[in-house]
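A closer look at the structure
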Amino acid sequence: MSDTALAAPRSTNPFTGLMSGTLGPVLVVVLAILAIWYVAAVSLNTPFQQDMYERANQTDVPMSQLVRDTLAQERPVLPAPHQVIVEIWNTTVEKKITSKRSLIYHSGITLSSTLLGFLIGTLLGILLAVGIVHSRVLDKSLMPWVISSQTIPILAIAPMIIVVLNAVGISGLLPKAMISTYLSFFPVTVGMVKGLRSPEVIHMDLMHTYSATRLQAFWKLRLPYAVPYLFTSMKIGMAASLVGAIVGELPTGAIAGLGARLLAGSYYGQTVQIWSALLMAAFLAGSLVALIGVLEKIVLKRMGMAR
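Residues numbered from 1 in each chain as written. Predicted model: local features only at pLDDT ≥ 70, side-chain atom pairs only at ≥ 80, totals over all residues. Heavy atoms only, no water.

A few points about the overall build of the protein chain
Of regular secondary structure, the protein chain possesses 12 helices and zero strands. Computed over C-alpha atoms, the radius of gyration of the protein chain comes to 26 Å, more than 25% over the 19 Å expected from 2.2 N^0.38 for 307 residues, which places it beyond the range of a compact globule. Based on the C-alpha atoms only, the size of the protein chain along its principal axes is roughly 90 × 85 × 35 Å. The buried share of the protein chain, reckoned over its 307 residues, is 38%. Restricting the contact set of the protein chain to residue pairs at least 6 apart, pairs at least 24 apart contribute 72%. When the accessible surface of the protein chain is split by element, carbon and sulfur atoms take 69% of a total near 18,300 Å². (Helix = DSSP H or I, 4+ residues; strand = E, 2+ residues; numbered from the N terminus. Rg over C-alpha atoms; globule rule 2.2 N^0.38 Å. Buried < 20%, exposed > 50% of the residue type's maximum accessible area, 1.4 Å probe, protein only. Contact = heavy atoms within 4.5 Å. Areas by Shrake-Rupley, 256 points an atom, 1.4 Å probe, with all protein chains shown as cover.)

So, the packing of aromatic side chains
Scanning all chains against the criterion turns up one aromatic pair. Between Trp37 and Trp275, the ring centres sit 5.3 Å apart and the planes meet at 40°, which makes this aromatic pair tilted. You can see Trp37 sitting in helix α2 (residues 14-55) and its partner Trp275 sitting in helix α12 (residues 271-302), a full 238 residues away along the chain. Judged by relative accessible area, Trp275 falls into the partly exposed class, the value being 30%. (Phe/Tyr/Trp six-rings, centres within 6.5 Å; stacked < 30°, edge-to-face > 60°.)

Examining the pattern of salt bridges
This model, assessed by the stated rule, comprises four salt bridges. The partner of Asp139 in a salt bridge is Arg197, and the shortest N-O contact between them spans 2.9 Å. Taken together, the residues Asp139 in helix α6 (residues 136-149) and Arg197 in the loop between α8 (173-196) and α9 (201-209) connect sequence positions 58 residues apart. Between Lys235 and Glu296 there is a salt bridge; the shortest N-O distance is 3.0 Å. Placement of Lys235 in helix α10 (residues 214-249) and of Glu296 in helix α12 is noted, with a sequence separation of 61 residues between them. Judged by its relative accessible area of 7%, Glu296 is buried. (Salt bridge = Lys/Arg side-chain N within 4 Å of Asp/Glu carboxyl O.)

Details of the nonpolar core
In this structure, Met192, Leu196, Met234, Ile246, Leu258 and Ile292 are the most contacted members of the largest nonpolar core, which totals 38 residues. Elements represented by at least two residues in this core include exactly α2, α4 (81-92), α5 (103-134), α8, α10, α11 (258-267) and α12. Once you skip the residues sitting within four places of it in the chain, Met192 turns out to touch Ile126, Ala129, Leu223, Ala226 and Leu230. Among the nonpolar cores identified, the runner-up in size contains 11 residues, and Ile154, Ile161, Leu165 and Val247 belong to it. (Core = buried A, V, L, I, M, F, W, Y, C linked by side-chain atoms within 4.5 Å.)

Examining the side chain of Ser276
For Ser276, the location among the structural elements is in helix α12. In contact with Ser276, other than residues within four places in its own chain, are Val84, Glu87, Ile88 and Leu103.

What to know about the confidence of the model for the protein chain
Per-residue confidence for the protein chain gives a mean pLDDT of 82; residues scoring 70 or more make up 91%. Counted against residues more than four places away or in other chains, residues 4-9, with its pLDDT under 50, gives one contact. (pLDDT = per-residue confidence, 0-100.)

Here we look at the environment of Val84
Here Val84 lies in helix α4. Between the C-alpha atoms of Val84 and Ile104, which are 20 residues apart in sequence, the distance is 15 Å. Residues within four places of Val84 in sequence aside, it is in contact with Trp37, Pro79, Val272, Trp275, Ser276 and Leu279.

Section: the packing of α6 against α8
Axis separation between α6 and α8 bottoms out at 10 Å; the angle between their running directions is 135°. Taken together, the axis directions place α6 and α8 in an arrangement best described as oblique. Both α6 and α8 take part in a crossing whose hand is left-handed. Together, Met143, Val146, Ile147 and Ser149 of α6 and Tyr182, Phe185, Phe186, Thr189 and Val190 of α8 make up the contact between the two elements. Tallied by class, the residues present in the contact of α6 with α8 amount to seven nonpolar, two polar and no charged. (Axes fitted to C-alpha atoms, helices over the stretch in contact; angles between N-to-C directions. Parallel < 35°, antiparallel > 145°, perpendicular 65-115°, else oblique. Left-handed = near helix turned anticlockwise from the far one by under 90°. Nonpolar A, V, L, I, M, F, W, Y, C, P; charged D, E, K, R; others polar.)

Quick word on the packing of α5 against α8
Between α5 and α8, whose axes approach to 5 Å, the crossing angle comes to 35°. In this structure, α5 meets α8 at a crossing whose hand is right-handed. Partitioned by chemical class, the residues of the contact of α5 with α8 number 19 nonpolar, 11 polar and one charged.

Remarks on the environment of His82
Relative to the helices and strands, His82 resides in helix α4. Judged by relative accessible area, which is 34%, His82 ranks as partly exposed. Separated by 11 residues in the primary sequence, His82 and Leu71 have C-alpha atoms spaced 8.7 Å apart. Apart from the residues within four sequence positions on either side, His82 is in contact with Tyr38 and Leu71. Among the polar contacts made by the side chain of His82, one reaches the main-chain carbonyl oxygen of Leu71 at a distance of 3.1 Å. (Polar contact = N/O pair within 3.5 Å; in protein donor to acceptor, adjacent residues only side chain to side chain.)

Observations concerning a nonpolar patch on the surface
A surface patch of nonpolar side chains, amounting to about 320 Å² of accessible area, comprises Val26, Val30, Leu31 and Leu34. In this structure, Leu31 sits in helix α2. (Patch = residues over 30% accessible without salt bridge, like charges linked within 9 Å, V, L, I, M, F, W, Y side chains within 5 Å.)

So, α6
For α6, with 14 residues, the first-to-last C-alpha span of 20 Å sits near the 20 Å given by 1.5 Å per residue. The sharpest bend along α6 reaches about 35° and sits at Leu142, with the proline Pro144 one to four residues further on. All of the buried residues along α6 are Met143, Val146 and Ser149. Contact partners of the buried residues in α6: α5 and α8. (Expected span 1.5 Å × (residues − 1). Bend = angle between axes of the 7 residues up to and from the residue.)

This is the structure:
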């Protein structure tokens, strides 16, 4: 009998392939994070729970009751995952979108400033990169300032931007968007500079042989090479833009937005509210980055550069 006949039949179950390919490792990591989270929640909440037992003159409390009580505190040091999930459900599904206690409402406020800042930052980054690549003066003079601008702590500069723009009559969405722009333009600039300089020398020499102008070399050679770099830097810029929008909401007095939600939770010791806002911000950032990834696949496929 041939080796082929003796070979074990290959599984045709798509679920098995998915589990062994992508979903399996992801689930393992998620379960490990949840296990560590629960252990940390019990460990950090135990001292306060034991203090509550002493005040109530309760002694010899079983370990099972201690674990249950530490995972059900109203204001825990570290909320358990199920507490955060319940809070997210109550502030999304159980609340109207227009309610000031709805996480969807606050996410929409943060999303608007994030997208505006990201759009401005991306356009600014592309323009700066084009200028740096085509001008030796800008490369030597502007690029060091672009890099050094990111050494300024955003927590220090955000209140200054808010105060200065409010002093000249600009308030609302734009000041927060400017903070997002400040964080998002840098990765786009660096990525585009790398991408526009990525064509090989032989290809640039070929464009010179064809007597191509700078504009023709840009559109037909430099820009196609830079598109993958652009999308990669846009993913980083989008995440940074969301961080900038949240930081920009902190000096607003806890009015609206995920940043304001975090600030209000810290004022009143609502750790469950803080963690629910953090997870919502993480979900929002992941969704936006995934959307850019989908757009990247579509564009690269249309350009014949699908990976």
